[in-house]
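One letter stands for each residue in the lines below.
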Amino acid sequence: MQSGVCEDLRAAPGLRDRVEPVALTAAVAWLFVLACLALWSLGPLAVGWRPAVVVTGSMLPTIRPGDVVVVDPGATGLHRGEIVLVRDPSQPSGRVAHRVVEVKGNGDLVTKGDANPTADRAPRHPADVVGRVRLVVPAAGRLAMLRHGPTRGDLAWAGVAVLACLTLGVVRPAGR
């Protein structure tokens, strides 16, 4: 008689039988997402492109502070309208991303930030060009920007996060 009860329990679909396929599907989906993120992150590095965090608003609205630009350092033959990352010791990061507004006969570049009313004071020598901007990843560098000092928005989000943590830690369901 006991063996009949065990056989009945094995034959009836249980919770485990319903959860396992869902858990397996979720695990495979999560691994797929991680693989895609790794490919998206490492793919540009594999071809030699380099990321840089934008810390100024000179390219607003095209590129915002906190965005990450992915730069192709092997870019040659720059043209008017392209965005380039150039060395600029006057900037906090030592580099600035600006648009090429003119290519002079000697190869020097006249650059300008989209938000700036006038072009940069001095033309950029081709040796100062770090590379051509190939991709812009919005807000990916917000955390890295904190080393340049938090903005009011950063402080507001931090305050909300602290408040949420305190609320979750203090408020407990009844009966516990």
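Since the structure is predicted, the reported quantities are computational estimates derived from the model, not experimental observations. (Residues numbered from 1 in each chain as written. Predicted model: local features only at pLDDT ≥ 70, side-chain atom pairs only at ≥ 80, totals over all residues. Heavy atoms only, no water.)

## Here's the deal with the side chain of Ser58
Now for step 1: Along the chain, the position of Ser58 falls in the loop between strand 1 (50-53) and strand 2 (68-72).
Now for step 2: In contact with Ser58, other than residues within four places in its own chain, are Val96, Ala97, His98, Gly113, Asp114, Ala115 and Asn116. (Helix = DSSP H or I, 4+ residues; strand = E, 2+ residues; numbered from the N terminus. Contact = heavy atoms within 4.5 Å.)

## What about the pattern of salt bridges?
Now for step 1: Counted according to the given criterion, the structure contains five salt bridges.
Now for step 2: Among the salt bridges present, the one from Arg134 reaches Asp72, with a minimum N-O distance of 3.0 Å. Of this pair, Arg134 sits in strand 6 (residues 129-137) while Asp72 is found in strand 2, placing the two residues 62 residues apart along the sequence.
Now for step 3: You can call Asp72 buried: its relative accessible area is 13%.
Now for step 4: A single salt-bridge network, built from bridges that share partners, covers Asp88, Asp120 and Arg124. (Salt bridge = Lys/Arg side-chain N within 4 Å of Asp/Glu carboxyl O. Buried < 20%, exposed > 50% of the residue type's maximum accessible area, 1.4 Å probe, protein only.)

## Let's talk about the nonpolar core
Now for step 1: The biggest cluster of nonpolar side chains holds ten residues, and these are Ala52, Val54, Met59, Ile63, Val69, Val71, Ile83, Leu85, Ala97 and Val133.
Now for step 2: Taken together, the elements giving at least two residues each to this core come down to strand 2 and strand 3 (83-87).
Now for step 3: Counting eight residues, the second-largest nonpolar core is a separate cluster that includes Val84, Val86, Val100 and Leu109. (Core = buried A, V, L, I, M, F, W, Y, C linked by side-chain atoms within 4.5 Å.)

## Things to note about unusual backbone geometry
Now for step 1: A cis geometry characterises the amide bond from Leu60 onward to Pro61, with omega recorded as 0°.
Now for step 2: Topologically, Pro61 is positioned in the loop between strand 1 and strand 2.
Now for step 3: Despite not being glycine, Ala139 has its phi angle at roughly 60°, a positive value.
Now for step 4: For Ala139, the position within the fold is in the loop between strand 6 and helix 3 (142-145).
Now for step 5: You can call Ala139 partly exposed: its relative accessible area is 44%.

These figures come from the coordinates and say nothing about function on their own.
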